[in-house]
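Observations on the three-dimensional arrangement
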Amino acid sequence: MSAKMKSVIFIVILCVICSVILTFGATFLKIPQERNVLLDRQVNILQAANIMPAGKINPDQVREIYAARIAEFWLGENGGLVAEMPDRNHILHVYTVFDATGQNVEQVVLPFSTQGVWGPIHGYLALATDLDTVTGFT
């Protein structure tokens with residue numbers, strides 16, 4: 001077998017091995033990545049609402065505070081509530097922040113996206129219940 005043929009076979013084998021490793025890594029890490037994206041969203045919503053405790057906090061505490069204080073709603077084109085998210089382009093995801101008792105709505109958190117100079121900018125804007133006063137921003 002010629003040296004050129006050995007080089008081609010080596011390159012093909014190396015490419016196959018690398019692609020298998022990358023595919024396994026991407027598949028194996030998909031669930032932790034989705035969990036971290038959800039956690040990051042929850043942290044940002046809590047920070048916008050100014051109810052994120054100071055200092056280091058673990059993911060379980062974030063999930064617990066989020067579940068106790070935040071409710072998610074989707075508003076359709078006509079302003080009514082939508083049971084599930086059918087089309088992201090025609091709905092608004094709204095987060096309501098309840099007081100410590102869980103009885104009264106304190107704030108409304110709205111997600112936003114806009115185009116920045118170097119790419120898209122995503123964030124959350126918290127408003128008081130009068131919808132005129134900005135109470136937080138991330």
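Just above sits the structure.
1. Focus: a nonpolar patch on the surface
On the surface, Met 1, Met 5, Val 8, Ile 9, Val 12, Ile 13, Val 16, Ile 17, Val 20 and Ile 21 cluster together into a nonpolar patch covering about 950 Å² of accessible area. In this fold, Val 8 is placed in helix α1 (residues 3-48).

2. Section: the environment of Met 1
Mapped onto the secondary structure, Met 1 falls in the segment before α1. Given the relative accessible area of 72%, Met 1 is considered exposed. When the C-alpha atoms of Met 1 and Val 109 are compared, they prove to be 68 Å apart, with 108 residues separating the residues in sequence. Not counting the four nearest positions on each side in its chain, Met 1 is found in contact with Lys 6 and Ile 9.

3. Thoughts on unusual backbone geometry
The phi angle at Asn 50 is positive, at roughly 60°, despite the residue not being glycine. Assignment of secondary structure puts Asn 50 in the loop between α1 and α2 (59-69). Assessed through its relative accessible area of 52%, Asn 50 is described here as exposed. The phi dihedral of Leu 131 falls on the positive side, at around 60°, and the residue is not glycine. Here Leu 131 shows up in the loop between β4 (120-128) and β5 (134-137).

4. Some thoughts on the sheet that holds strand β3 (residues 105-115)
Strands sit in the order β1-β2-β3-β4-β5 across an open sheet of 5 strands; the sheet is antiparallel. Here the strands that pair on one side only, and so sit at the sheet edges, are β1 (70-75) and β5. Ignoring strand direction, the axes of neighbouring strands in this sheet form an average angle of 30°. Across the face of the sheet, α1 comes into contact with β1, β2 (92-98), β3, β4 and β5 while running at roughly 45° to β4. Its contacts with the sheet put α2 on β1, β2 and β3, and the angle it makes with β1 is roughly 60°.

5. Here's the deal with the packing of aromatic side chains
A full pass over the atoms with the stated rule returns 3 aromatic pairs. On the numbers, 6.1 Å between centres and 75° between planes, the contact of Tyr 95 with Tyr 124 is edge-to-face. Placement of Tyr 95 in strand β2 and of Tyr 124 in strand β4 is noted, with a sequence separation of 29 residues between them. Taking relative accessible area as the criterion, Tyr 95 reaches 2% and is therefore assigned buried. Measuring from centroid to centroid gives 5.5 Å for Phe 112 and Phe 137, while their planes differ by 10°, and the two rings are stacked. Of this pair, Phe 112 sits in strand β3 while Phe 137 sits in strand β5; the two residues are 25 residues apart in sequence, bridging distant segments of the chain. On the basis of relative accessibility, which here comes to 25%, the residue Phe 112 falls in the partly exposed class. Taking the relative accessible area as the measure of exposure, Phe 137 reaches 54% and is therefore exposed.

6. Digging into the pattern of salt bridges
Enumeration according to the criterion identifies 3 salt bridges in this entry. Close ionic contact of Arg 41 with Glu 72 constitutes a salt bridge, the shortest N to O distance being 3.5 Å. Here the residue Arg 41 occupies a position in helix α1, and Glu 72 occupies one in strand β1, the gap between them amounting to 31 residues. On the basis of relative accessibility, which here comes to 28%, the residue Glu 72 falls in the partly exposed class. The salt bridge involving Glu 106 is made with Arg 69; its shortest N-O contact spans 3.1 Å. One end of the pair, Glu 106, is in strand β3; the other, Arg 69, is in helix α2, with 37 residues separating them in the sequence. Arg 69 gets classed as buried once you look at its relative accessible area, which sits at 17%.

What counts and what doesn't
Residues numbered from 1 in each chain as written. Predicted model: local features only at pLDDT ≥ 70, side-chain atom pairs only at ≥ 80, totals over all residues. Heavy atoms only, no water. Patch = residues over 30% accessible without salt bridge, like charges linked within 9 Å, V, L, I, M, F, W, Y side chains within 5 Å. Areas by Shrake-Rupley, 256 points an atom, 1.4 Å probe, with all protein chains shown as cover. Salt bridge = Lys/Arg side-chain N within 4 Å of Asp/Glu carboxyl O. Helix = DSSP H or I, 4+ residues; strand = E, 2+ residues; numbered from the N terminus. Buried < 20%, exposed > 50% of the residue type's maximum accessible area, 1.4 Å probe, protein only. Contact = heavy atoms within 4.5 Å. Pairing = 2+ DSSP bridges. Axes fitted to C-alpha atoms, helices over the stretch in contact; angles between N-to-C directions. Phe/Tyr/Trp six-rings, centres within 6.5 Å; stacked < 30°, edge-to-face > 60°.

Geometry only, nothing functional implied.
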